[in-house]
Amino acid sequence: SAFADFYRFYEGTYAKEHGFRLPDAGERSSYLGNETFCDEDTAQEHWCQAGQTGYFFPPQCFHHSHCIEAAMAYPAWSKAMFEQMAVNHNLSVAFAYYGSKFSSVLADLQLRKVSTVFYGYVPWEEAERLGLTDENRLSFVDYYTGCAQGASATPDGPRYCDTETKTIYKLMRKDLKDRAPEAAYLIENFKVSREQINELLAMHQLGRGNMTSEEAACWFVKNATEVRETAAPRCLVRPKQMPKLGEIIWE
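How each quantity is defined
Residues numbered from 1 in each chain as written. Predicted model: local features only at pLDDT ≥ 70, side-chain atom pairs only at ≥ 80, totals over all residues. Heavy atoms only, no water. Pairing = 2+ DSSP bridges. Helix = DSSP H or I, 4+ residues; strand = E, 2+ residues; numbered from the N terminus. Contact = heavy atoms within 4.5 Å. Axes fitted to C-alpha atoms, helices over the stretch in contact; angles between N-to-C directions. Salt bridge = Lys/Arg side-chain N within 4 Å of Asp/Glu carboxyl O. Buried < 20%, exposed > 50% of the residue type's maximum accessible area, 1.4 Å probe, protein only. Right-handed = clockwise from strand over helix to strand, strands pointing away.

Comments concerning the sheet that holds strand 3 (residues 93-97)
The sheet built from four strands is open, its strands ordered 1-3-2-4 with mixed pairing. Either end of the sheet is taken by a strand with one partner, and the two such strands are strand 1 (55-56) and strand 4 (117-118). Running over the sheet, helix 3 (residues 81-88) touches strand 1, strand 2 (68-72) and strand 3 and is turned about 160° from strand 3.

Notes on the pattern of salt bridges
What the rule picks out here adds up to 10 salt bridges. Between Glu27 and Arg112 there is a salt bridge whose closest N-O contact spans 3.1 Å. Of the two residues, Glu27 is situated in helix 2 (residues 25-32) and Arg112 in the loop between helix 4 (102-111) and strand 4; the sequence distance between them amounts to 85 residues. Among the residues examined, Arg112 registers a relative accessible area of 41% and is labelled partly exposed. Two residues, Asp108 and Arg112, come together in a salt bridge whose shortest N-O distance is 2.9 Å. Connected through shared salt-bridge partners, Arg21, Glu27, Glu69, Asp108 and Arg112 make up one network.

Topic: the pairing of strand 3
In terms of burial, strand 3 is largely enclosed, as five of its five residues are buried. Here strand 3 shows a buried face lined by Val93, Phe95 and Tyr97 and a second buried face lined by Ala94 and Ala96. Here strand 1 runs beside strand 3; their pairing, made up of two bridges, is antiparallel. Paired with Tyr55 across the bridge in strand 3 is Ala96. The sheet contact formed by strand 2 and strand 3 spans five bridges and is parallel. Across the sheet, Ala70 pairs through a bridge with Phe95, a residue of strand 3. At this point the chain moves from strand 2, through helix 3, to the parallel strand 3, and the crossover so formed is right-handed.

And the structure:
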């Protein structure tokens, strides 16, 4: 990967010297108002400790003068995966949690043109709105067997690498080919590329466009000719206008 060592940018004071956003409890409080993640059930959690409520500071950031901030949504979203890797790679990154205000915080930081590290993924409508690409990604060590063995959902876990590649499977009723062969054909042959998903999200009002979910879906079906013709049986996409008696139009 061209970005395999990109996380090393966040070692030492390099990111701070390049103007990345630093932890600021006062600014975080102005965004959150009365929202908090600390109650009786979570009082002992790592983001609820005295003096750093709503943050997680790795050991190398206890005094955090050289550590930049990574904006997160809810503490449980990544199950401490990134917190573990910040600790284990000795990165100068502290984590701030913004909960339901996460999207509005990102929008404000973008408007102010503040260089910020934050939790995200692709495809994602927020990524489209922010104009993100893989070049913006903080890439960690690629997964290999054993690099996350025994990983826990707390920052003191042993995870050292990115997540492993996962295969997504399609599920279909066993008798669907007999009951609705056209539907079974569509499920088996429907394929959408990441680029097409990004294009679809860009049309949505939560991305960079102004379409509702229904309008974006309709636009996609009308314009994604290759997807449509691959997923739908030819007899439905281009039905024969004058089939002859006995002619097979569906196999």
